[in-house]
Amino acid sequence: MMAYPMRTTCDKETFLRSKLAQEYFRLVEQKYLKGIPKPGPIYEFNKFGWPERLNGWRHPLLGRNEELRKYKMTIQNAVNQQNQKFTRYGDHKYAIAFIGPSMVGKTRLLEECLHITPHYIHKEKIVLTEENKVNFGGQQKIMSKGFHNWNLRSDRENFENMIRYSMDTASLKPVQIHAINVIFDCRFPLPEQFSYDGDFLKNYSVRQLLIDFFKYNFTNLWVAAILEAQYTDDESWCMLLLILESKMIFILMSITNEKQLSEVARNCLKSNMIVNMRLNGIDRWYHAALACQLLDVQAIPADLVKIIESASGGMPGWIQNFVISLIQRGVLTVVTVPRAEAVESGAIIPSPTLLQRSEADINIQPDLFPNRSSYQSMYSILSMSVVSRLDDSQHTVHDGDTLQLAVLAESNCFDDLKTDISMDAVILKTYDSLTPFEKMLLKCGSVLGEVFSRRMLLHLLQSDSNRKVAQAVSKLFSIRVLECEGGDFTRDTSPVLVHPAPTMPDAKHPYCACLGIRSPPDCQDLPMYAFCGYMKFRHTLFRTTTYELLTENQKHEMHARALLYLERYTRRCKGCGAGCFIKLLGLRSDDGLVVESEELKRTRAQICALSAEAKLSVEQSTLPLFMTDPTSLHEIQISNEQKQISSYDLLEPADRRNLNQYLLMHNNKLVRSFSSLEIGNCECMAILLAVYCQMIDHCRGADEYEKLYEAYMEYADLCVINLNIPQAIRLLFEVEEFIKSNQLNDKLEWVKDYRLANIYSLRGVCLLETGDMNEARKQLLYAMQLYCDPFPTSKHAVRFCDLRVSVNQVIALYILPNLFVARNSGFVGHFYENIAQTLNRLYRLFTESGEKANANLAAKWSLNYALRTNSNFRLLCFSYGNIIATYRQKQKFRICLKLKKRAMELCYRKRGLDAIEIHAVCHLYTNIFLFYVEYGKKLESLQFGFSVMQIMTNETDLNTRQVLILWMLKFLLSELRIHDMVSIMRDFFYMTGYYDLSSETWYYFYALVILLDTGYCVESYSTCEQFYIKKGDAILRSKTPEAAWNFLVAMWLITIRAGAWERSILWEDKIRASNMDKHDISIMILVRLVEGLIITLVNEMNNRNIKKILLLEKAIKSMFHDMNKACDHAPIYRPRVKLFYSFVARYFLLFAYYHVIRGKKQRGYSYLNKAIDLSKQAAHGTLLYWAEHTRNHWIGTLNPKFEHYWTEHIEPDNLLEYKDFDMETGKIIPYTLPLPSDLEK
């Protein structure tokens, strides 16, 4: 906005829809905006984040001068030694470990070290937890912070792109690739028979490769601050030494429990590169000053100082908690008095230099630890305190000056306070001072967790008095027991999901940062924080102590009520209809495929009865009618889809007008696009992730072990879909231990085996995602054994089983479906469905491993098991998609048509769509799309393609997305829909939610294709050249090297057409150096190579270079032979398949051109006429224009101004912008193939 120059600002709607963390935004001052009477709140964006609250650096750090002096010396030495080729053993110190007990002040010391670090050194913070203690988990978290300039959805994508960019993976040894895969959780391919059991970190080549990688990516020294480093795994400790050896990263770490460290960690800490500093309590001289800092006063009573000195042991954390407890109990207040009066009363007045930094020393930096409650962040404990700004000129003391004095209540007495007082006792005293209702509120909050919503709290309290609850919350806020977490209720899409609100950096406690809350009419006299909708315990210890005060029966009852709330109100987001999820804790709702159970019907009735409590009455007035009538949902969706089948959010309204008209003319209702659901704004995944993490705790607390098992399995499955593989693996190990502990009391052994098989099957998917094919195979095959239906291993057994399964499938689908389809339900039906899911996972494993026979058997077998219930939509989509892909590869199109018909009947039976089912629908539609591609049905392919693209915005399968989009672009190019192409290219390649080099390469390649085939410019040649100069050979090491091969050939062909022969030699050398395998070259690459070689041949004929003419003719004949062989032997390239008429037409056009330049005009004209006929049959407008343009040029009827039209408009100052393309006429002037000068005469 011009009103806020040099700042990135946005309105509230943009902030809400950005789906970024609130730390990246902050409110700015209101300004008058011309033409906007009520602009609303304006937010400023910062990609590095804003501090959540005022930092505590305006107070000096007390009692740590020696530690800070050592840090300054060490960091200065590290900077000096960084660029030195040789560093002495004694000078190679690149890490400092602060070791000490809890509450000794390690976090504040790390903050101070980062504060005094020079500004030119980049700083990052890493907070480790027990969940990060997995193999190389700590190291991966450090590296993810180091690559902060990459905006990716997952760390694996980040690491893989950085590795491809930094090194040539094709030249690495297998052990080096294995090390990279394990250390960075990557999936680079390894030789099939490769195995390595040793410690690869001891391999010299691996160590040198990693050091070179660090030095290449980190050109400057940066500091990584690791909190709670005791949670670092052993492998990461070993990697830590290697990182320090590279001299690129300086590490600060805090360690709490040194005795609990492993032997590997202790040995690493003994390394000379790590400076160990063991912390003790601060000197008693600083206790009074520290208490004044915490209270934001200048003087405190002497009695308070005595008790702190005698009981604290010098622990800053203890002093903080003790002072806060006094505030909570109302024992301590602040008054403003003259300095002389404070001295006369015997108060302790520390020196001003201990309480406030000078203005020259205050340097406000972004808060690196915004979510951690260190004692220095509690500088504003009392709302009555006033921030004092002291500079050097104000340090002069006068008796007439006033100051803030902390005063103890007269009734307070410390005589009974023991010197070994514990914080539990202090918290209990605070707890005892509360009313019974306030105690009950805290108990309910402690059951819900560290952070909880007001809705769940009210459900557990079961109180009818809003005022009574508000008064209790107000008091707990005022005594600092609770505080606001910040929730945005202006976009309240679910009763169980709270969106974060932007932070209030200048707010003073108590305050509420929630948006969209309001006070009832009878509570107008209470502060707004009394109605906070999203709150948390200020201290973890207070919550745990309160929770332990509950009896086991109370815990069981409250957890059961919290679980009931989650079961009742966990519903889809409003964009998806706000109905029940298809499956939650094992219960399935009626989605058109399965009948609801009685238990779920009772739950639905309870939701309707309690709609007033859930505030759904207001929502129902604005929601569609199918919210209350589930039977009308199907009809409304079908009618909407029939009306909106040509409405695609991916294209601009002006750009898609012709596309809508075209599809409406040919609409035969083949595709159900689920267009009535706002999948682009879907928040169902966030709702489920927020719910399941709570359900596990509440199921365990309520002793609902059956639901606990279901929650674990569904949560792990959700994590796999969300690509959170480490979390999924952790959950599976926990549920496996739970099953083996026999808490479920399964009386039948096969039931226990069935549950374990489900765990091993899902673990196999996790390993498959990580690229560990061998271990994934073991887990999946073992799961099949536990199901008592093992997968055959020998070739003969596979053939026999395939024959048996094929016969059963024919009988089930075509002969006696009533005896095989939908015959099982309940527990037995779930058993068969889980076997089918495991077989689908085996199909993916076999497909990626190239085992076609096993993959075919798994696909057929899976569909047979899935049809036994015929009710699991997600499972059936995957099964139908796999079997259609199997028969498509065998060219059995008739069977594919029948399967496609059954699959579409399934989709039309389906009511609603869950977030976890979107991926399955994409899989099914993509395979149907590819079937229509090979079958030659362009219209049907476009319909399915656009339907998939509409629900594929959050698709994470990169390969599936690229295959679909590449074919869609080819179809649109054939119909000259350039605007549609550009919209899709930028949405799915260039403006992806996460960075991928292959996608960007595909974008520039198709920009070149549009320039080559139509003459219109999307990205100029110079822009594409700058892209290659910037990325270099890294594009050849991306996930799909075919993108780089096509890009290089297209750049080479443009230089050939433009006559830039010297520049074409450079691109030709790059093509030769790209190591394109002859078997991997697609026919389209071959066609463009042939075109460039024939044009080069014409140039050499004009130059009379006999030697080069003979070489070029030999190469061209060889390529024509390869293309002819491909068209004859590959079924998909035969002319009878209408789709591939375009390939054959281009082949005939170039073959005709080759004959004409050799003087065989009659044969050339014959092939040219064939090319024109095939272009018409395929409705390929681009090829038809080019063939007719070429014919007119050869017979002499071409307008002379069009002969060099394409070449003239390739110049940078004479480009044809694609926006100027007339979609009504759709005419282009293609490139004119040059003829030898002898023929032109």
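Please read all numbers here as calculations on a predicted model, not as lab measurements. (Residues numbered from 1 in each chain as written. Predicted model: local features only at pLDDT ≥ 70, side-chain atom pairs only at ≥ 80, totals over all residues. Heavy atoms only, no water.)

Peer 1: Would you mind showing me how to read the overall build of the chain here?
Peer 2: Along the chain, the regular secondary structure elements total 50 helices and 19 strands. Of the contacts formed within the chain by residues at least 6 apart in sequence, a portion of 76% connects residues at least 24 apart. Carbon and sulfur atoms provide 51% of the accessible area of the chain, an area that totals close to 55,000 Å². (Helix = DSSP H or I, 4+ residues; strand = E, 2+ residues; numbered from the N terminus. Contact = heavy atoms within 4.5 Å. Areas by Shrake-Rupley, 256 points an atom, 1.4 Å probe, with all protein chains shown as cover.)

Peer 1: Would you take a moment to explain the packing of aromatic side chains for this structure?
Peer 2: Going through the model one piece at a time under the given rule, you end up with 49 aromatic pairs. With centroids separated by 5.6 Å and ring planes inclined at 10°, the aromatic side chains of Tyr 1147 and Phe 1151 adopt a geometry described as stacked. Of this pair, Tyr 1147 and Phe 1151 both sit in helix H46 (residues 1141-1157), four residues apart, roughly one helical turn. You can call Tyr 1147 buried: its relative accessible area is 7%. Looking at Phe 1151, the relative accessible area reads 16%, which means it is buried. Grouping aromatic residues by their ring pairs yields a cluster made of Trp 750, Tyr 754, Tyr 787, Phe 791, Phe 827, Phe 831, Tyr 832, Phe 846, Trp 861 and Tyr 865. A cation sits over an aromatic face here: Arg 755 above Tyr 709, 4.9 Å from the ring centre. (Phe/Tyr/Trp six-rings, centres within 6.5 Å; stacked < 30°, edge-to-face > 60°. Buried < 20%, exposed > 50% of the residue type's maximum accessible area, 1.4 Å probe, protein only. Lys NZ or Arg CZ within 6 Å of the ring centre and 35° of its normal.)

Peer 1: Which parts of the structure should I look at to understand the sheet that holds strand S3 (residues 42-45)?
Peer 2: Two orientations exist for strands paired in a sheet by backbone hydrogen bonds: parallel and antiparallel. Pairing within the open sheet is antiparallel, and its three strands lie in the order S1-S3-S2. Across the chains shown, the open sheet's two edge strands, defined by having one partner strand only, are strand S1 (9-11) and strand S2 (25-27). Taken pair by pair, the neighbouring strands of this sheet meet at an average axis angle of 35°, ignoring direction. (Pairing = 2+ DSSP bridges. Axes fitted to C-alpha atoms, helices over the stretch in contact; angles between N-to-C directions.)

Peer 1: Before we go on, may I ask you to explain unusual backbone geometry in this structure?
Peer 2: What you tend to see is this: most non-glycine residues have negative phi, and most peptide bonds are trans. Here the phi dihedral of Asn 870 falls at roughly 55°; this positive angle occurs in a residue that is not glycine. Along the polypeptide, Asn 870 turns up in the loop between helix H33 (852-867) and helix H34 (873-889). Here the phi dihedral of Leu 976 falls at roughly 60°; this positive angle occurs in a residue that is not glycine. Here Leu 976 lies in the loop between helix H38 (958-974) and helix H39 (978-990). For Leu 976, a relative accessible area of 10% puts it in the buried group.

Peer 1: Just checking my understanding: could you explain the confidence of the model for the chain for this structure?
Peer 2: In this model, the chain carries an average pLDDT of 80, and 82% of its residues clear a pLDDT of 70 or more. Of the regions scoring below 50 in pLDDT, residues 362-395 engages in 105 contacts with residues more than four places distant in sequence or in other chains. Note on residues 1129-1139: pLDDT is under 50 here. Beyond four places in sequence and across chains, it has 29 contacts. (pLDDT = per-residue confidence, 0-100.)

Peer 1: Just checking my understanding: could you explain the sheet that holds strand S6 (residues 222-227) for this structure?
Peer 2: Across the sheet, which stays open at both edges, the five strands sit in the order S5-S6-S7-S4-S8 with parallel pairing between neighbours. Edge positions in the open sheet fall to strand S5 (122-127) and strand S8 (274-278), since each of these has one partner strand only. Adjacent strand axes in the sheet meet at a mean angle of 15° when their direction is disregarded. Relative to S6, S5 runs parallel, the two sharing six bridges.

Peer 1: Is there a simple way to think about a nonpolar patch on the surface in this case?
Peer 2: Where nonpolar side chains cluster on the molecular surface, the patch consists of Val 810, Tyr 814, Ile 815, Leu 816, Leu 819 and Phe 820 and spans about 550 Å² of accessible area. Every element with two or more residues in the nonpolar patch is listed here: helix H30 (795-815) and helix H31 (817-820). The biggest single contributor to the nonpolar patch is H30, with three residues. For Phe 820, the location among the structural elements is in helix H31. (Patch = residues over 30% accessible without salt bridge, like charges linked within 9 Å, V, L, I, M, F, W, Y side chains within 5 Å. Salt bridge = Lys/Arg side-chain N within 4 Å of Asp/Glu carboxyl O.)

Peer 1: What should I look at first to understand the nonpolar core in this one?
Peer 2: Within the largest apolar cluster, 259 residues are counted, with the highest numbers of intra-cluster contacts made by Leu 482, Tyr 925, Phe 1047 and Phe 1120. Each residue touching Phe 1120, except ones within four places of it in the same chain, is listed here: Val 1090, Ile 1094, Tyr 1147, Leu 1150, Phe 1151 and Tyr 1154. By size, the runner-up hydrophobic cluster in this structure holds 104 residues, among which are Leu 209, Trp 222, Ala 265 and Val 331. (Core = buried A, V, L, I, M, F, W, Y, C linked by side-chain atoms within 4.5 Å.)

Peer 1: What should I look at first to understand the packing of H34 against helix H36 (residues 915-935) in this one?
Peer 2: Describing two packed helices takes the angle between their axes plus the distance from one axis to the other. One way to put it is that H34 packs onto H36 with a least axis distance of 8 Å and a crossing angle of 20°. Here H36 runs roughly parallel to H34, going by the angle between their axes. Judged by the sense of rotation from one axis to the other, the crossing of H34 with H36 is left-handed. Across the interface between the two elements, Phe 873, Arg 874, Cys 877, Phe 878, Tyr 880, Gly 881, Asn 882, Ile 884, Ala 885 and Arg 888 from H34 touch Ile 916, Glu 917, His 919, Ala 920, Val 921, His 923, Leu 924, Asn 927, Ile 928, Leu 930, Phe 931 and Glu 934 from H36. (Parallel < 35°, antiparallel > 145°, perpendicular 65-115°, else oblique. Left-handed = near helix turned anticlockwise from the far one by under 90°.)

Peer 1: Hey, could you run me through the pattern of salt bridges in this one?
Peer 2: The final tally for this structure, using the stated rule, is 38 salt bridges. Among the ionic pairs, Glu 917 bridges to Lys 910, the shortest N-O distance being 3.1 Å. Taking the relative accessible area as the measure of exposure, Glu 917 reaches 3% and is therefore buried. Accessibility expressed as a relative area gives 0% for Lys 910, which makes it buried. The shortest N-O distance in the salt bridge between Arg 1057 and Glu 1091 comes to 2.7 Å. With Arg 1057 in helix H42 (residues 1041-1058) and Glu 1091 in helix H44 (residues 1083-1103), this residue pair connects regions lying 34 residues apart in the sequence. Comparing Arg 1057 with Glu 1091, the two get one shared label, buried. When salt bridges with common partners are traced through the structure, they connect Arg 187, Glu 769, Arg 844 and Glu 848 into a single cluster.

Peer 1: I keep staring at helix H26 (residues 705-721) and nothing clicks. Help me out?
Peer 2: Because each turn of an α-helix spans 3.6 residues, side chains separated by three or four positions end up pointing in the same direction. If you check H26, its first and last C-alpha atoms are 24 Å apart, about what 17 residues at 1.5 Å a residue would give, namely 24 Å. Of all 17 residues making up H26, 15 are buried, and the element is well covered by its neighbours. Note on H26: the residue one or two positions beyond its end, Leu 723, has a positive phi of about 60°. (Expected span 1.5 Å × (residues − 1).)

Peer 1: How do you make sense of the side chain of Gln 140 when you look at a structure like this?
Peer 2: Structurally, Gln 140 can be placed in helix H4 (residues 137-146). With near-sequence residues (within four places) excluded, Gln 140 lies in contact with Asn 135, Phe 159, Val 182, Ile 183, Phe 184 and Asp 185.

Peer 1: Looking at this model, I keep getting lost on the environment of Asp 185. Mind explaining?
Peer 2: Along the chain, Asp 185 turns up in the loop between helix H6 (174-184) and helix H7 (204-217). With sequence-adjacent residues up to four places away left out, Asp 185 is seen in contact with Gln 140, Arg 156, Ile 180 and Thr 770.

Peer 1: Please clarify how a positive patch on the surface should be interpreted in this entry.
Peer 2: Positive charge collects at one region of the surface, where Lys 1117, Arg 1158, Lys 1160 and Arg 1163 lie side by side. Turning to its location among the elements, Lys 1160 is positioned in the loop between H46 and helix H47 (1161-1178). (Lys, Arg positive; Asp, Glu negative; His and termini not counted. Charge placed at Lys NZ, Arg CZ, Asp CG, Glu CD.)

Peer 1: When you look at the pairing of S6 in this model, what are you seeing that I'm missing?
Peer 2: The side chains of a regular strand alternate between the sheet's two faces. A large share of S6 lies buried, amounting to six of its six residues. Burial along S6 is two-sided: Trp 222, Ala 224 and Ile 226 and Val 223, Ala 225 and Leu 227, pointing in opposite directions, are all buried. Direction of pairing for S6 relative to strand S7 (residues 249-255): parallel, over a ladder of five bridges. Among the inter-strand pairings, Val 223 is bridged to a residue of S7, identified as Phe 250. You can see the chain leave S6, run along helix H8 (residues 234-246) and come back into S7, and the turn it takes is right-handed. (Right-handed = clockwise from strand over helix to strand, strands pointing away.)

Peer 1: Hey, could you run me through the environment of Glu 775 in this one?
Peer 2: As for its position among the elements, Glu 775 is in helix H29 (residues 773-786). It is 9.6 Å that separates the C-alpha atoms of Glu 775 and Arg 763, two residues lying twelve residues apart in sequence.

Peer 1: What is the right way to look at the packing of helix H32 (residues 826-849) against H34 in this model?
Peer 2: Where H32 meets H34, the axes come as close as 10 Å, and the angle between the chain directions of the two elements is 40°. Comparing their axes, H34 and H32 come out oblique. Between H32 and H34 lies a crossing of left-handed hand. Residues Glu 833, Ala 836, Gln 837, Asn 840 and Tyr 843 of H32 lie in contact with H34, whose contacting residues are Leu 875, Phe 878, Ser 879, Asn 882, Ala 885 and Thr 886. Partitioning the contact of H32 with H34 into residue classes produces five nonpolar, five polar and one charged. (Nonpolar A, V, L, I, M, F, W, Y, C, P; charged D, E, K, R; others polar.)

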